[in-house]
Amino acid sequence: MSANNQQAHDWGANPEGWAQGLSEEEVQIAYDLSLRGLERQPAILADLRTRATAVVAAAGVVATLFAPKAFGSNISHGAMIAYIAGGVATVLCFAMCWPIFRSIHDDGYDDVQKYAELRDGGKWPNADDLTGCRRKWRSTINLSAVTRLHQITAPKPLPVELASFIAICRGRNWAQINARNTWFQFAGFWFAVEVICGILGLAFR
């Protein structure tokens, strides 16, 4: 398991009885910190998408510079191969960026319902238990979610349940971010290949 995946897995963990021995104030602190981390994740995803946009723009500029040279007269065989390889790399770079921009389903309350059902059954859920939920991303806990969670889990302490639920949401969000970060790394690789091929094309002319 990679470091990123291990991190996502750990943050999606929900150790049984984690709040035992903690005061109400300490539980509240744990909840506040968890919520702060949850709310920060959209900014991380947005930053990744901004960087991907920059890579797409740069790849487009490089392609614009080198593409006309591929159709020039008296071009050598080696330069032609280099430009064709660069064109393929450009297409792959764009293809790697597409999953980064793809929207993530972030509507509905099936994740809350699934969590509550598992807790009612005496289980402390983790991120893997919510894998089948239609909702794949959550960055806020709104009033409807809090009310539904409270109705189902009462009389269990609500801050404990919220902090546990947020830990799972953070883990699932990180899984989405890490997957897109992997695609970004591939996009960066193919962009570098595109630039190298363009330079080789000039050298072989």
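Values in this document were obtained by computation on a predicted structure and should not be read as measured data.

> Explain the packing of aromatic side chains to me, and be specific about the residues and the numbers.
Applying the stated rule across the entire model yields 4 aromatic pairs. Across the ring face of Trp124, the terminal group of Arg119 is positioned such that the distance to the ring centre comes to 4.0 Å.

> Talk me through the side chain of Gln176; I want residue IDs and the actual numbers.
Looking at where Gln176 falls in the secondary structure, it is placed in helix α6 (residues 158-204). Not counting residues within four places of it along the chain, the set of residues in contact with Gln176 comprises Ile104, Lys136 and Trp137.

> Quick rundown of the nonpolar core? Include the residues and the values.
Core analysis: the biggest nonpolar cluster contains 20 residues, and Ile141, Leu149 and Phe165 have the highest contact counts within it. Among the elements of the structure, α2 (24-70), α4 (110-120), α5 (143-153) and α6 are those that each provide at least two residues to this core. With 6 residues, the top contributor of residues to this core is α6. Discounting residues that sit within four places of it in the chain, Leu149 has contacts with Val112, Tyr115, Ala116, Ala154, Glu161, Leu162 and Phe165. Core analysis: the second largest hydrophobic core is formed by 10 residues, Ala52, Met96, Cys97 and Ile100 among them.

> Tell me about α4, and please be specific about residues and values.
Of the residues making up α4, those classed as buried are Asp111, Val112, Tyr115, Ala116, Leu118 and Arg119. Mapping the buried residues of α4 onto a view down its axis gives an arc of 165°, with all of them on the same face. Contacts made by the buried residues of α4 are with α5 and α6. Positive backbone phi, approximately 90°, marks Gly122, located one or two places after α4.

> Please provide a residue-by-residue account of the side chain of Thr90, values included.
Note on placement: Thr90 falls in helix α3 (residues 77-101). Classification of Thr90 as buried rests on a relative accessible area of 7%. Ignoring anything within four residues of it in the chain, the contact list for Thr90 reads Ala59, Ala63 and Glu194.

> Which residues make up the packing of α4 against α5, and what values do they have?
Contact geometry of α4 with α5 gives a least axis separation of 9 Å together with a crossing angle of 20°. As summarised for this structure, α4 and α5 are arranged roughly parallel, according to the angle between their axes. In this structure, the crossing between α4 and α5 has a hand that is right-handed. Counting all contacts with α4, which are made through Val112, Gln113, Tyr115, Ala116 and Asp120, the residues of α5 involved are Ala145, Arg148, Leu149, Ile152 and Thr153. Its residues assigned to classes, the contact of α4 with α5 comprises 6 nonpolar, 2 polar and 2 charged.

> How would you sum up the confidence of the model for the chain? Please name residues and give values.
Put simply, the chain has an average pLDDT of 87, and 92% of its residues get 70 or more. Helix α1 (residues 3-11) is the least confidently modelled element of the chain, averaging 48 in pLDDT, while α3 averages 95, the highest of any element. Here residues 1-9 scores under 50 on pLDDT; set against residues more than four positions off or in separate chains, the count is 10 contacts.

Thresholds, definitions, all that
Residues numbered from 1 in each chain as written. Predicted model: local features only at pLDDT ≥ 70, side-chain atom pairs only at ≥ 80, totals over all residues. Heavy atoms only, no water. Phe/Tyr/Trp six-rings, centres within 6.5 Å; stacked < 30°, edge-to-face > 60°. Lys NZ or Arg CZ within 6 Å of the ring centre and 35° of its normal. Helix = DSSP H or I, 4+ residues; strand = E, 2+ residues; numbered from the N terminus. Contact = heavy atoms within 4.5 Å. Core = buried A, V, L, I, M, F, W, Y, C linked by side-chain atoms within 4.5 Å. Buried < 20%, exposed > 50% of the residue type's maximum accessible area, 1.4 Å probe, protein only. Arc of directions from axis to C-beta. Axes fitted to C-alpha atoms, helices over the stretch in contact; angles between N-to-C directions. Parallel < 35°, antiparallel > 145°, perpendicular 65-115°, else oblique. Left-handed = near helix turned anticlockwise from the far one by under 90°. Nonpolar A, V, L, I, M, F, W, Y, C, P; charged D, E, K, R; others polar. pLDDT = per-residue confidence, 0-100.

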